Amino acid sequence: MADARTRQSGSARPRRNTRPRDALGRPLPYGTVGVGEQPEGISRTAQESLIEAHRLLGDGHPFHAHEVLEDAWKAQPDVERELWRGLAQIAVGITHAARGNAVGGVRLIERGAANLAPYVATRPYGLDLAAVIEWSDHAVAQIGRGTPVRLEPPPLLPNAVDDART
């Protein structure tokens, strides 16, 4: 029988590593209790993905938010590919910055914001992408100054998130 750490035979892509991880997605030794990972292959609507990613970002789990956004990126139509890619890049940029990799954090947040720019006028899923890009500019400046990074999450669907919690 295959070990849980190995790739499933015949799968379209490798399984995520089952090694426990900390809140920033760093691997921990096997047997250590880590932060619960996001299950792979969960079918979520775009709205559900945004709400879950926003919750995870707010809880200080940007790596896990990135995983949710990456799943959405792969499940949504091709015309939205760069939108979801941009959101996932911002989340992983926050992860890099929080891990102390300011250069990587800045680059990924900037790339993510650039990928969102073409969607600003259409506001897909009600996203205020102009506000997310503004947040990104502020985050890049904060990271570039060497400010310790515990960024507030980007404003993903604040109304939908509030509605879901009431």
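Worth saying up front: this structure is predicted, and the values here are computed from it rather than measured. (Residues numbered from 1 in each chain as written. Predicted model: local features only at pLDDT ≥ 70, side-chain atom pairs only at ≥ 80, totals over all residues. Heavy atoms only, no water.)

**Student:** Where do I start with the environment of Val 140 in this structure?
**Tutor:** Mapped onto the fold, Val 140 is located in helix 5 (residues 129-144). Note on Val 140: relative accessible area 17%, which makes it buried. Residues Val 140 and Gly 93, spaced 47 residues apart in sequence, show a C-alpha to C-alpha distance of 9.6 Å. With sequence-adjacent residues up to four places away left out, Val 140 is seen in contact with Val 106, Ile 109 and Glu 110. (Helix = DSSP H or I, 4+ residues; strand = E, 2+ residues; numbered from the N terminus. Buried < 20%, exposed > 50% of the residue type's maximum accessible area, 1.4 Å probe, protein only. Contact = heavy atoms within 4.5 Å.)

**Student:** Even after reading the chapter, I still don't get the confidence of the model for the protein, so can you show me in this structure?
**Tutor:** Regions with low pLDDT should not have their predicted coordinates read in detail. Per-residue pLDDT for the protein has a mean of 78; in total, 67% of the residues score no lower than 70. For the protein, the element scoring lowest by mean pLDDT is helix 6 (residues 158-165), at 42; helix 4 (residues 102-116) scores highest, at 95. Note that residues 1-15 has pLDDT below 50 and, in this model, 15 contacts with residues that lie over four places away or in other chains. (pLDDT = per-residue confidence, 0-100.)

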